[in-house]
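# Secondary and tertiary structure notes
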Amino acid sequence: MEAYSIQLENFEGPLDLLLHLIKKNEMDLQDIPMAAITRQYLEILDAMKVLNLDVASEFLLMAATLVHIKSKLLLPTITEDEQAEDEEDPRAELVRRLLEYQKYKEVSQVLESRPQLGRDLFSRAAPEPEVLEETESEFVAVGLFDLLEALRDVLRVTPDAKTHDINLEQLSVTDRINSILTRLQGRESLAFADLFEGGLQRKEVIVSFLALLELVKMRMVRFMQNTRHGAIWLFPTVPLDNSEGLEVGDDSLGYS
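What comes next concerns the included structure. (Residues numbered from 1 in each chain as written. Predicted model: local features only at pLDDT ≥ 70, side-chain atom pairs only at ≥ 80, totals over all residues. Heavy atoms only, no water.)

Bringing the overall build of the protein chain into the picture now. Assigned secondary structure in the protein chain consists of eight helices and four strands. The helix and strand sequence of the protein chain, counted from the amino end, reads α-α-α-α-α-β-α-α-β-α-β-β. Buried positions account for 43% of the 256 residues belonging to the protein chain. A fraction of 78% describes how many contacts in the protein chain between residues 6 or more apart in sequence connect residues 24 or more apart. Entry remark: accessible area of the protein chain is about 14,600 Å², with carbon and sulfur atoms responsible for 48%. (Helix = DSSP H or I, 4+ residues; strand = E, 2+ residues; numbered from the N terminus. Buried < 20%, exposed > 50% of the residue type's maximum accessible area, 1.4 Å probe, protein only. Contact = heavy atoms within 4.5 Å. Areas by Shrake-Rupley, 256 points an atom, 1.4 Å probe, with all protein chains shown as cover.)

Reading across the sheet, the four strands line up as β1-β3-β4-β2 and stay open at both edges, with antiparallel pairing between neighbours. A single partner strand is all that each edge strand has here, and the edge strands are β1 (140–141) and β2 (190–191). Across two bridges, β2 lies against strand β4 (residues 232–236) in antiparallel orientation. What sits directly across from Leu190, in β4, is Leu234. Helix α7 (residues 173–184) rests against β2, β3 (221–225) and β4 of the sheet, and its axis sits at about 85° to β4. (Pairing = 2+ DSSP bridges. Axes fitted to C-alpha atoms, helices over the stretch in contact; angles between N-to-C directions.)

Let us look at the side chain of Gln225. Along the chain, the position of Gln225 falls in strand β3. Engagement of the side chain of Gln225 in a polar contact is seen with the backbone oxygen of Gly230, the distance being 3.0 Å. Among all residues touching Gln225, those that are not within four sequence positions of it are Glu138, Phe139, Val140, Val142, Asp146, Gly230, Ala231 and Ile232. (Polar contact = N/O pair within 3.5 Å; in protein donor to acceptor, adjacent residues only side chain to side chain.)

For the rest of this paragraph, the subject is the pairing of β4. The element β4 is extensively covered by neighbouring structure, given that four of its five residues are classed as buried. Across five bridges, the pairing between β3 and β4 is antiparallel. Bridging across to β4, Arg222 finds its partner in Phe235.

Now the structure itself:
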């Protein structure tokens, strides 16, 4: 059975993911706790694989680098007499790369505001919808890594499954999209967590998440947070008061 997959064209790199995790967990960039950062990094990669995302080789290479550094730090400590004068912390090169990346990222953010999920992380040739006005000025856009972490948290409390394939004959992404649009009608927003209540099975969670990504690609919704790393909310970007004409079909998603 064919699996549903999404390929992200402008995917943020592994250094961006590491900085995201370091900042979110308020870690010291000069003294990175390798056990914790490696575990969280690998959990995000697992979430990507569950979704059949096209994980670039650079992400896998960074995973191997983190595991290698972690293993070196776990080696027995040698005495000062045995230690070479020029031997440096195994994390030093990674820290240098992160500091350099952070510097260039800060410069780029001065030139351009932080990319929004629906505008830059996905690409689709479609008519520009009538976007609703900003709801609350204190809300900030949600990045892909924030969403993957939110999915990881949901999967942690969801019964495990042996397979990661999504059977579209049994679980329809299109049906889930229309269900989400129906729930948004007459509402200004909907909590991300509310979409995964009710004891969903693992496949249903994945299909729901894929449906949300499709809605973002179609520029019908956007994800926002009222505080950095806080609860994630789903906001409609088009009027949803009337359900007529809003139902999404398989043809619009490119399904045959």
